[in-house]
Protein chains: 2
Amino acid sequence: MAVNTQFSIAVHIMAGLAYRCDQETTSTNLAMSVNTSPSFVRRVLSKLSKAGLVQTATGKAGACWLAKDAKDISLLDIYEAVDAPKAFSIHNYTEQKGCTVSCHIKAALDNALNKTQKAMEASLDDISLAQIVSDVKKK
Amino acid sequence: MAVNTQFSIAVHIMAGLAYRCDQETTSTNLAMSVNTSPSFVRRVLSKLSKAGLVQTATGKAGACWLAKDAKDISLLDIYEAVDAPKAFSIHNYTEQKGCTVSCHIKAALDNALNKTQKAMEASLDDISLAQIVSDVKKK
DNA sequence: ATAACTGTTACTATAATAGTAACAGTTAAG
DNA sequence: CTTAACTGTTACTATTATAGTAACAGTTAT
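Quantities reported herein were computed from a predicted structural model and do not represent experimental measurements.

**Student:** Requested: an account of the interface of chain B and chain A, with residues and values cited.
**Tutor:** By a frequent convention, interface size equals the accessible area lost on bringing the separate parts together. Opposite the 48 residues of chain B that make contact, chain A presents 48 residues. Across the chain B/chain A interface, buried area totals approximately 4,200 Å², and carbon plus sulfur atoms make up 65% of it. When the buried area of chain B at its contact with chain A is split by residue, His91, Val101 and Val136 of chain B rank highest and sum to 13% of it. Across the chain B-chain A interface, the total number found is two salt bridges. Within the residue set of the side of chain B that touches chain A, elements represented by two or more residues are helix H1 (6-19), helix H2 (27-34), helix H5 (100-125) and helix H6 (129-138) of chain B. The element that contributes the greatest number of residues to the side of chain B that touches chain A is H5 of chain B, accounting for 15 residues.

Rendered as structure tokens:
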């Protein structure tokens, strides 16, 4: 699939870290759960780490763990950390001079995107990682 | 770009039809405004037509026009008509038996997606095509 | 010194998408 | 009744974002 699933994978990784918060966790552990390569996991972990959501230790016995309590991490934090795609994307044409619609549609679409993006982010902000882990355990 | 912009293009097309609602409009006219090929425009138009948002006439002097007033068409109608991508997409792994997170994360992510998708759609439903056209004219 | 990890870069393969071309079907007009 | 100019659709190609892999430098416990 050439569809962006980094956000989804990032949530999976974070849920894994939250679920086994008592244990040492390596990129290989996480890769097995996600069913991808340790390298790919580390690439996502790197973004999460730069965003201050996870901490890591290098060297032998290197590992990763959550930087904060799962209830203090929202899906929006994760969404922003991995720079996931916007609610929709605006096409990238060259404006047709003399055509009002062609020249101004981008600004109108930007307005609409801003509004929709805000709604989407508010919803993500309302879901905590702890909630996800709770769902995972419950089912 | 391998990023889905059909929704954005569909809104552009619909805005074009709404803007010049008094004139006959062909796929070639619209293609010039969008800066793409008439074929591509017709492919999008076909979806909009099947969704009952535009009407078309075939034959010589064939044309397209809005099926309803622009104020009675929301961006959500257009979003659904072109079957645009969801708020985010869930990765497609094979479950790792014996790993609770791996087995149940999909259900948890589905919950989250449903909620976020609803928020996004409510926002799109709140923006009418007439609003877009008004923005286009104003600027 | 070695083993086992992270962090990062470079590379390949895949698949979604844009974009194009072609053509059958339709209809107005001469 | 032939022609021109559309729509509607399918098949095809090129592009490019993404997943996924491999490799290796840097780090640290043993």
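**Student:** Any chance you could break down the protein's contact with DNA strand D for me, citing the residues and the numbers?
**Tutor:** Taken together, the neighbourhood of DNA strand D is formed by 32 residues, with Thr5, Arg43 and Gly59 of chain A together with Ser27 and Thr56 of chain B sitting nearest. Backbone sugar and phosphate groups make up 56% of those atoms of DNA strand D lying within 4 Å of the protein. Between a phosphate oxygen of DNA strand D and a side-chain N or O atom of asparagine 4 of chain A, the distance comes to 3.0 Å. Take arginine 42 of chain B: an N or O atom from its side chain is 2.7 Å from a base nitrogen of DNA strand D. Within the residue set of the surface near DNA strand D, elements represented by two or more residues are helix H3 (38-50) of chain A together with helix H3 (38-50), strand E1 (54-57) and strand E2 (63-66) of chain B. No other element matches H3 of chain B, which puts five residues into the surface near DNA strand D. Taken together, the residues that form the surface near DNA strand D break down as nine nonpolar, 16 polar and seven charged.

**Student:** Describe in detail the packing of aromatic side chains, supporting the description with residues and values.
**Tutor:** As enumerated under the stated definition, the model contains four aromatic pairs over all chains in all. Ring geometry for phenylalanine 7 of chain A versus phenylalanine 88 of chain B: centroids 4.8 Å apart, planes at 75 degrees, classification edge-to-face. You can see phenylalanine 7 of chain A sitting in helix H1 (residues 6-19) and its partner phenylalanine 88 of chain B sitting in the loop between helix H4 (75-81) and H5, one on each of two chains. You'll find phenylalanine 7 of chain A and phenylalanine 88 of chain B in the same group, each marked buried. Here the aromatic cluster, defined as three or more aromatic residues joined through ring pairs, consists of Phe7 and Tyr79 of chain A together with Phe88 of chain B.

**Student:** I'd like a rundown of the side chain of serine 27 of chain A, residues and numbers included.
**Tutor:** Structurally, serine 27 of chain A can be placed in helix H2 (residues 27-34). Aside from chain neighbours lying at most four places away, what touches serine 27 of chain A is Pro38, Val41, Arg42 and Leu45 of chain A.

**Student:** Give me unusual backbone geometry: which residues, what numbers.
**Tutor:** Positive phi is not limited to glycine here, since asparagine 35 of chain A has a value of about 75 degrees. Residue position: asparagine 35 of chain A is located in the loop between H2 and H3.

**Student:** Can you explain the relation of the copies chain B and chain A? Please cite residues and give values.
**Tutor:** For the pair chain B and chain A, the superposition axis carries a translation of 0.0 Å, the fit reaches an RMSD of 0.0 Å, and the rotation angle comes to 180 degrees. The symmetry that links the two subunits is that of a two-fold axis. In this assembly the copies share their binding face: 100% of the residues contributing to the interface of chain B also contribute to that of chain A.

**Student:** Which residues make up H1 of chain B, and what values do they have?
**Tutor:** The terminal C-alpha atoms of H1 of chain B, which comprises 14 residues, lie 19 Å apart, in line with the 20 Å expected from a rise of 1.5 Å per residue. Judged by how many residues are buried, H1 of chain B sits mostly within the fold: 13 of 14 residues are covered.

**Student:** Report on H2 of chain A, specifying residues and quantitative values.
**Tutor:** Taken as a whole, H2 of chain A has its buried residues at Ser27, Leu30, Ala31, Ser33 and Val34 of chain A. End-on, the buried residues of H2 of chain A take up no more than an arc of 160 degrees, which puts them together on one face. Along its buried surface, H2 of chain A packs onto H1 and H3 of chain A together with H5 of chain B.

**Student:** I'd like to hear about the nonpolar core, residue by residue, with values.
**Tutor:** Proteins that are soluble and globular tend to have nonpolar side chains buried together. In this structure, Leu48 and Ile132 of chain A together with Leu48 and Ile132 of chain B are the most contacted members of the largest nonpolar core, which totals 94 residues. Those residues in contact with leucine 48 of chain A that lie beyond four places of it in its chain are Ala10, Ile13, Met14, Leu53, Val54, Ile78, Ala81 and Val82 of chain A.

**Student:** Could you give me a rundown of the protein's contact with DNA strand C, with the residues and numbers involved?
**Tutor:** With respect to spatial proximity, 32 residues lie near DNA strand C, and among them Ser27, Arg42 and Thr56 of chain A together with Arg43 and Gly59 of chain B are the closest. Within 4 Å of the protein, the contacting atoms of DNA strand C are 58% sugar and phosphate, with bases supplying the remainder. Within the backbone of threonine 5 of chain B, an N or O atom sits 2.8 Å from a phosphate oxygen of DNA strand C. Within the side chain of threonine 58 of chain B, an N or O atom sits 3.2 Å from a sugar or linking oxygen of DNA strand C. Elements with a contribution of two residues or more to the surface near DNA strand C: H3, strand E1 (54-57) and strand E2 (63-66) of chain A together with H3 of chain B. Top element by residues in the surface near DNA strand C is H3 of chain A. It accounts for five residues. In terms of residue class, the surface near DNA strand C is built from nine nonpolar, 16 polar and seven charged.

Definitions and limits used
Residues numbered from 1 in each chain as written. Chains lettered and ligands numbered in written order. Predicted model: local features only at pLDDT ≥ 70, side-chain atom pairs only at ≥ 80, totals over all residues. Heavy atoms only, no water. Contact = heavy atoms within 4.5 Å. Buried area = accessible area lost by both parts, 1.4 Å probe. Salt bridge = Lys/Arg side-chain N within 4 Å of Asp/Glu carboxyl O. Helix = DSSP H or I, 4+ residues; strand = E, 2+ residues; numbered from the N terminus. Near = heavy atom within 4 Å. Polar contact = N/O pair within 3.5 Å; in protein donor to acceptor, adjacent residues only side chain to side chain. Nonpolar A, V, L, I, M, F, W, Y, C, P; charged D, E, K, R; others polar. Phe/Tyr/Trp six-rings, centres within 6.5 Å; stacked < 30°, edge-to-face > 60°. Buried < 20%, exposed > 50% of the residue type's maximum accessible area, 1.4 Å probe, protein only. Least-squares fit on C-alpha atoms with pLDDT ≥ 70 in both. Expected span 1.5 Å × (residues − 1). Arc of directions from axis to C-beta. Core = buried A, V, L, I, M, F, W, Y, C linked by side-chain atoms within 4.5 Å.

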